[in-house]
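# Examining the three-dimensional arrangement
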Amino acid sequence: MSSAPARSRAPRSRVPQSGRARSQFTLLLGVWAVVVTCAVLAGLAASLATVGYDHALSAGVTTLENSDEAPDVTSVNVAMQDGEDAVAVPANEAVATTTRALEDAAHGYKTDVSIWAATPMLFVVGDVLRNSYLLDADSAQDHARLVDGRWPAAGTPGGATPVEVALPVSAAQALDVKPGDRLQLGTTPRLTEGGPAPLDVVIVGAFTPTDVTAWERDPLHGAGLNSPTDRVRAYGPMLVAPGTLTESTMPIGRLSAISNPHLDGNFAAIPAMTRDTQGLKDTIGDGLGASVKWVVVRSELPRTFGDIVTHLRLAIALAVSVLVLTIAVGLLAVSLVAGLMTRRRGLETEVLRERGASAWQLSARATVESAVIVVTAVLVATPVAVFAYRAMAASGVFGAQWSAVPSQPLTGPDVTAALVAALVTAVVCAGILVVAALRPTSRRNRAQRTRGAVFARSGADVMLALIAVVGVIQLRQHTPVPGTTDPILVTVPALCVLAAAALVARALPAVARGAERITRRSKGVAVPLAGWHVARGGAMRGGVLAVAATATATLGLIFVGTWTNSQTAQADAATGTDIAVHQAGSPADAAAMAAAAKGTLSPVFERKVVLGTRPDGLTLFAIDTDAARHVVTGRETQTPQWRSAAKALESAAPAEANAPGQAITVQQYPITLTVSGSMVPVTPGAAIPPVQLLATPTASVTTASGAVVLLTGAPVPLDGKPHTTVLAPDGDSRVVTGETRVDAIDFSMHQIAIGDIFQVSTERAAAAVSVTVEGAQGSVGTWASHGDEGAAQMRPVSADGAGTGVDAEFTYSIFGISTVGSHLTLGAFPAVEAVPVVLSQDVADELGLAIGDNIDLTVDYTTVTATVAGTVPYVPGFVHQGALWADRDTLYRTLLTGGRMGEVTDAWWGSGLASDAAEKLRAAGFAPVTSRAEQSVALQEDATQVPLRLAWWLAIAVALLLAVVGAIAHASAEAQQRGLTIARIRAIGVSRRTAYASHMAQHTLVTVSSIGAGFVIGLALAFVISPTLVVAQNGSRPVPPAELVVPWGALAAAIGLVLVIAVGVGIPAARAVVRRSTVAALRAGDVA
Amino acid sequence: MTAMIEVRNVQRTYGEGHTAVHALKDISFEVGKGELVALVGRSGSGKTTLLNIIGALDRPDAGQVLVDGVELVGRSDVELDAVRRDTVAFIFQGFGLIPELSAAENVGLPLRLRGMSSEDREHRAELMLQLVGLEGHGEHRPDEMSGGQMQRVAIARALAGSPRLLIADEPTGQLDTETGLAVMALIRGVVEAEGMTAIVSTHDPVMIALADRAVRIADGHLIDV
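In this text, all values refer to a predicted model and were calculated from it rather than measured experimentally. (Residues numbered from 1 in each chain as written. Chains lettered and ligands numbered in written order. Predicted model: local features only at pLDDT ≥ 70, side-chain atom pairs only at ≥ 80, totals over all residues. Heavy atoms only, no water.)

## Here we look at the overall build of chain A
Just so we agree on the cut-off: Secondary structure elements are taken from DSSP: a helix is a run of H or I of four residues or more, a strand is a run of E of two residues or more, and numbering for both begins at the N terminus. Values of the radius of gyration come from C-alpha atoms, whereas the globule rule sets the reference at 2.2 Å times the count of residues to the power 0.38. Buried, partly exposed and exposed residues are distinguished by accessible area as a fraction of the type maximum, computed with a 1.4 Å probe on protein chains only: under 20%, between the cut-offs, and over 50%, respectively. Any pair of residues with heavy atoms lying within 4.5 Å of one another is described as a contacting pair. Each accessible area is a Shrake-Rupley result for a 1.4 Å probe, and residues are judged covered by the shown protein chains and nothing else. Neither His nor the chain termini are counted; the positive set is Lys and Arg, and the negative set is Asp and Glu. Think of each charge as sitting on NZ of Lys, CZ of Arg, CG of Asp or CD of Glu.
If you tally the helices and strands in chain A, you get 28 helices and 35 strands. What you see for chain A is a C-alpha radius of gyration of 41 Å, clearly larger than the 31 Å of a compact globule of 1088 residues, by over 25%. In chain A, buried positions account for 53% of the 1088 residues. A separation of at least 24 residues holds for 82% of the contacts in chain A among residues at least 6 apart in sequence. Counting only carbon and sulfur atoms, one obtains 58% of the accessible surface of chain A, whose full area is about 45000 Å². Counting 77 positive and 84 negative side-chain charges, chain A places the averaged centre of each group 31 Å from the other.

In structure tokens form, the structure reads like this:
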């Protein structure tokens, strides 16, 4: 055939464009469908990044607002100066100033401001030194139960009628008052001539606080009275009707204001609100003037909102990255299908070239066709993307948090974003189609191109792989910075998948050639022909898409499994146990909790303590080491490091309560003490000063449930005679039943002069005291003893066990004790000088501490020595914060050894409880209650993570679909390519059945090896990078670190299904190519 | 002489209606055993269609075709496959080689169909390549050979199975004159040496001269037998 002369214009095609389109309808439809898929994905990515971002942020804000911890509220606590020179601030002014400041800071959000205002401590006029105060609390009645009488009516302080008040039952009992009784409150203990008039109050009711958290705003925290070890007993509050104090001009002592903005999911003004909140301290301080002692403003909103934004930005970035990866796989599909089209039209293109068509003219033809595909694809993809996103968002599959926020109406910018993304992607696809259309298809040019392509590939894919390796190394060593969108997290996954697919595309043919050696020796025609074609015919090229798509789907399924498991593990670590009730409660409460939860809960100490010079407090967590084995849950507790630390604490813990010589226990209630004592010479032969001591005993006992209770008796004189005193509990609802262990007895000593003490020759005196616990069992040999080293300089001399009691001697300063009294604390156990603690690793690293080091902790103003017994990566329940873990009993005894009598229960932890334990506990009035199961669900359904979950599920679905598309494209390409070969082997006598078997064998081999390779790559990538892609809510590494979880069942089902479909799509193509007329194929092949 | 090929009143039409093409119109002729017959005609005369029918690649619309006494008309696809496998061998104008296979592998293909062991197969393939003068070219692929070499490989493949009838459709159509002559001489020599019957479509005067007789076909009719 002679070549035609070159022409400047392309010849007119004899086949009209529309005719070409009709004859290649199926192929064009396939191309169009893949372009639409890529464009829809891009539109979805845009929707996620715009509408999805707003929805997730709104949902996050709504969840924040509805959470028990109420991080959106701003609490302001103000204390006014006290003392004689302090300028009183009227209550109404203080409340108005504070309320105005809070409302202004709310920046337009409707806000509820709750005020609890208390007067300064006033004296209850009478002979005994007692303090009390008025409390005007607008929400107190919502958190209390009326036990007697009625709630007070509004009144006017200083008016004609007494102000009506209600008292906590514990305070009423301690003051021995009942409804109808009257008291006077004044600035001095006794009325003085010409002094300020007292305030008359009448008790009208008694109540029990029901929500400990709410009563934190009360100066006495709802206890009704202060500790018996405090200098002056205080009782209260005297609750007045709302407005009685806050609208009066009475001076204010303490003010607690809580501002609760109604966010309603509207996040727009939150940044401005958080800025203004940070300036509240100065605003209120300036408003109230120099009378302010301190102002403390607390708001978790800046941090929590910041965390939400950070987490969401990261999730969106990751989601977009995942979708970009999927789009990249989609572009591979476009490339594959474009190649198919090029081969189909190869003859036509070569004829046009030979007749003088230029590259520009050919590209113009391809561009027109591609433009039609782009326009129609975008017209379909944009609404599909927009409405698919909205349908998924409204479907409810993403959990309650996401569904709590209704979808916003569609806006122009939303549609524009999707349109632009779809258009850009479709144009890129079009570019691929145009480039593919211009590829030479003649044998000579194909050979040259192949050599060129190999050369280019050998550089590009290796370079890509090297970059991916560097990326993986960076990713594994990298620590995400909270508050930032980490580019490494975002780019590495896509890089890895594409690099791996490119390398496998190079490796698979080599593997195929290895397989060829096996097929060559086999008999028959079908298998060897298939093997030869796969090894030498370039069939594996068609597997690249299946490799990349399957790798993406595998990585996605494993990531979802890993991520889900990590949320559960993080919930385990964050809660530390199955159920935690964060209130101290009483022994009666402990019994009620156990009944509601259908199981036992263990008391837990969890409190901020001060460690040395470390500026921020640490949390000291203490639980009985026996209970810890069953109650503290989480992956960390199964590690050798944890077991070693637990063993160290166990070995130092006190022996069982009933071990001989270890404790004194009582079975009967109330507990009675027999106390006797007298003054003794300081030194042998020295004169005894003319004084007598009055001792008020308080016993610290541990009940059967593990709760610690303080029981106080009446004062007894140390006059040499024995006196019995019955110990009664402080508070109203404390019931002591069952076996009770007496842990310590504290004597509040006051001195009474019975002569002229200024005539004594020494300033120190000595005394002896003996105390026996009546009806007790057990004994303790040596008792711990502690004296108050304040003004009285109380110093124990000896404390020896005497049956179920103790004989102690001590000295003190005669003149120091006179004014304030002092304390002698005797612990019914050998002194514990230091409490072993296990540190969280961050604390140990920060302070350079090692096992055996001693540290000083300040616990409730008491300094305690602690010895480092071990370190753990984190203390369950206290992740993301420095924490120490100790045995509760040991800590308790260490505190008692240091003279600190007080509650050591802050919460109750339990595991293995009923599944509805949390709800039952809340219904019983206990709050707040945290549940590991609920926390796990909350993390999994976290609205800020929905974009990421959505993106991965889309990626998995589309990738699986593209794997099938790859198989279809491969089957179609092979049907085209092998048509002539099939005809030729048919001509030499190969049966249709054998030809069909050969074609299916090569299709199955390519499909199975490609999908298999993709699965292996996805699995390997998941091992390498999947856990590092999981981040915590604040954007940092999760605690504990994410562990790889491979959902074998889901993987087997998904990959298996794709395999079956992908192999199955080869059947019709094989049938078609085998059934095609041999004669016609031979004739067409001879022409080519 | 017993006829190897008997064609009786064979007709073959492609398409329907006014676009129907009557490729063969009532063709009848015979080819005796051991004959080398040249089928002569212009392009579009029906040569290839007739050869395809004789070679069991196509079916006539009417008439009878007997090859070595076996009636082909009415046979199933499987039976026709057997004919092509055991009795007939084709040589095509476009060589018909499998591009991914080497020369030896191409030659060995028909032997695989007969279940020959790999050692016997490789030995026979080597022998065939020797026969056609391509000793040492067994590992070469089609895209590494000249047209003449490829056609020799095709001949070797056709002879590998010891067919009784060799059908060649313009075997020199894509070759230059000198190569074509060599190929035709090879076919002639093989036919004589192996005692097989051959029918070769050609419009090459040299081949026509080498044949025992020529059968001319024009416009679907035999005009000279």
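## Examining the overall build of chain B
Secondary structure summary: chain B contains seven helices and 10 strands in total. The C-alpha extent of chain B, read off along each of the three principal axes, is 50 × 40 × 40 Å. Here chain B holds 225 residues, and the buried ones make up 53% of them. Within chain B, contacts between residues at least 6 apart in sequence are counted, and of these 72% link residues at least 24 apart.

## Things to note about the domain arrangement of chain B
Residues and elements named next belong to chain B. Applied cut-off: Where a domain begins and ends is set by an automatic assignment or by a domain database. Buried surface area refers to the total accessible area, computed with a probe of radius 1.4 Å, that the two partners give up upon joining, counted for both partners together. By salt bridge we mean one thing: a side-chain nitrogen of Lys or Arg within 4 Å of a carboxyl oxygen of Asp or Glu. Here a polar contact is taken to be a pair of N or O atoms separated by no more than 3.5 Å, where protein atoms must pair a possible hydrogen donor with a possible acceptor and residues adjacent in sequence count only if both atoms sit in side chains.
Looking at chain B, the domain boundaries give domain 1 (3–87 + 163–224) and domain 2 (98–155). Centre-to-centre separation of domain 1 and domain 2, based on C-alpha positions: 24 Å. The partner domain 2 presents nine residues to the 10 residues of domain 1 that form the contact. Buried surface at the junction of domain 1 and domain 2, summed over both partners, amounts to about 830 Å²; 71% is from carbon and sulfur atoms. The interface formed by domain 1 and domain 2 includes zero salt bridges. For the interface between domain 1 and domain 2, the tally reads two residue pairs in polar contact (both at pLDDT 80 or more). At the level of secondary structure, the elements contributing two or more residues to the side of domain 1 that touches domain 2 comprise α2 (77–86) and α6 (177–194).

## With respect to the packing of helix α2 (residues 25–66) of chain A against helix α9 (residues 359–394) of chain A
Residues and elements named next belong to chain A. Convention followed: Axis definition: a line fitted to C-alpha atoms, limited for helices to the stretch in contact. Angles are taken between N-to-C directions and run from 0 to 180 degrees. Here is the rule for angles: anything less than 35 degrees is roughly parallel, anything more than 145 is roughly antiparallel, 65 through 115 is roughly perpendicular, and the remaining ranges are oblique. Take the far helix as the reference: if the near one is turned anticlockwise from it by less than a right angle, the crossing is left-handed, and if turned clockwise, right-handed. All amino acids are sorted into three groups, where Ala, Val, Leu, Ile, Met, Phe, Trp, Tyr, Cys and Pro are nonpolar, Asp, Glu, Lys and Arg are charged, and the leftover types, Gly among them, are polar.
Running from N to C, α2 and α9 point in directions that differ by 40°, and their axes come no closer than 7 Å. Considered as vectors, α2 and α9 are oriented oblique to each other. In the packing of α2 onto α9, the handedness of the crossing is right-handed. The residue inventory of the contact of α2 with α9, partitioned by class, reads 20 nonpolar, five polar and one charged.

## Focus: the interface of chain A and chain B
Taken together, the contacts link 28 residues of chain A with 30 residues of chain B. Note on chain A versus chain B: buried area summed over both sides is about 2600 Å², and carbon and sulfur give 54% of it. The three residues of chain A that bury the most area against chain B are Arg536(A), Arg984(A) and Ile988(A), which together make up 24% of that side's buried surface. Taken together, the connections running from chain A to chain B amount to two salt bridges. Note that Asp77(B) and Arg992(A) form a salt bridge whose closest N and O atoms lie 2.5 Å from each other. Residues of the side of chain A that touches chain B, tallied by class, amount to 10 nonpolar, nine polar and nine charged.

## A closer look at the pairing of strand β9 (residues 199–209) of chain A
All names here are of chain A. Short version of the rule: Being paired, for any two strands, means DSSP has found at least two bridges between them.
A large share of β9 lies buried, amounting to nine of its 11 residues. Two elements, strand β6 (residues 144–149) and β9, share five bridges in a ladder whose sense is antiparallel. Counted as the bridge partner of alanine 144 is proline 209 from β9. Inspection of the sheet shows strand β7 (residues 163–168) paired to β9 by six bridges, in the parallel sense. Residue pairing for β9: valine 165 is matched across the bridge by isoleucine 203. Relative to β9, strand β8 (residues 182–186) runs antiparallel, the two being bridged by four bridges. Note on β9: the bridge partner recorded for leucine 183 is valine 201.

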